[in-house]
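Commentary on secondary and tertiary structure
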Amino acid sequence: MISLDIPGFAKLEIEHIVLDYNGTLALDGNLLPGVGKLLLELAEDVQIHVLTADTLGQCEEELSGLPVKIHIIGGSPEDQSKLEYLNVLGPDKCACIGNGRNDMLMLRQAALGIIISGAECMSMKAARSADLVATDISSALGLFTHPVRLLTTLRN
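So, on to the overall build of the protein. Across its full length, the protein carries seven helices and 10 strands. Its C-alpha atoms give the protein a radius of gyration of 14 Å, near enough to 15 Å, the size a compact globule of 156 residues would have. C-alpha atoms of the protein, sized along the principal axes, occupy 40 × 30 × 30 Å. Classification of the 156 residues of the protein by burial places 50% in the buried group.

Right, dumping it as structure tokens:
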């Protein structure tokens, strides 16, 4: 668990990090460089979940050997499917990271929502639901390997 008391924001007790795949962890279906190492490091403290429609069909292969739980969402609307998964985990124990419109509900409901503004860009509707914006997944995951960064960004 990652615990952090952020004045003016919240006391976070993060047990789960819930991640979108394409546009967040991957570009064009391929896991971004350095992400595997960060996931391995974070898995020592939290459970990592990857929620994806797996549009390009590469998620399981790209993440094989990494300590993540992959959940392929089906049906529509996709945003509701991701929110339902989050609700089973307990939103107050989750940090969510995504970039797309289908991440909007989980970003809004989670204890901490982070949107990625990377090469695939980001949905402005989802951005309005997030607590903060990261320029790339390494920066977003670095918030959990160095939690004082969250404190300095979110405190009031």
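This part covers helix α6 (residues 137-145). An α-helix turns once every 3.6 residues. As a result, residues three or four positions apart point the same way. Across the nine residues of α6, seven count as buried, placing the element largely inside the fold. All of the buried residues in α6 are I137, A140, L141, G142, L143, F144 and T145. Sitting at the head of α6, D136 places a side-chain oxygen 3.1 Å from the backbone nitrogen of S138.

Counting through the fold element by element, D103 comes out in the loop between β8 (94-98) and α4 (104-109). Classification of D103 by relative accessible area gives buried; the value is 0%. Between the C-alpha atoms of D103 and L154, which are 51 residues apart in sequence, the distance is 21 Å. Not counting chain neighbours up to four residues away, the residues in contact with D103 comprise D20, K82 and G98. Only 2.9 Å separates the side chain of D103 from the backbone nitrogen of N99, close enough to count as a polar contact.

Let us look at the pattern of salt bridges. Applying the stated rule across the entire model yields three salt bridges. Between D20 and K82 there is a salt bridge, and its shortest N-O distance comes to 3.0 Å. Of this pair, D20 sits in strand β3 (residues 16-20) while K82 sits in helix α3 (residues 78-89), and the two are 62 residues apart along the sequence. We note that D20, like K82, is buried. The residue K82 makes a salt bridge to D103 at a minimum N-O spacing of 2.5 Å. Highlighted residues: K82 in helix α3 and D103 in the loop between β8 and α4, separated in sequence by 21 residues. Of the two residues, K82 and D103, both sit in the buried class. What you see here is one network of salt bridges that share partners, running through D20, K82 and D103.

Reading guide: rules and limits
- In this numbering scheme, every chain counts its residues from 1 along its sequence in written order.
- Where totals are concerned, whole chains, interfaces and linings use all residues; where local detail is concerned, this predicted model gives features only for residues with pLDDT of at least 70, and gives and counts side-chain atom pairs only at 80 or more.
- Side-chain measures here rest on the full set of heavy atoms in the structure, leaving out hydrogens and waters.
- Elements are defined by DSSP. Helices are runs of H or I of four residues or more, strands are runs of E of two residues or more, and each kind is numbered from the N terminus.
- Two things to know: the radius of gyration comes from C-alpha atoms, and the globule rule equals 2.2 Å times the number of residues to the power 0.38.
- Remark: exposure states derive from per-residue accessible area (1.4 Å probe, protein chains only) relative to the maximum for the residue type, with buried under 20%, exposed over 50%, and partly exposed in between.
- Here a polar contact is recorded for every N or O atom pair within 3.5 Å, except that within protein the pair must consist of a potential hydrogen donor and a potential acceptor, and residues adjacent in sequence are included only if both atoms are side-chain atoms.
- By definition in these notes, contact holds between two residues if any of their heavy atoms fall within 4.5 Å.
- Think of a salt bridge as a Lys or Arg side-chain nitrogen and an Asp or Glu carboxyl oxygen that are within 4 Å of each other.

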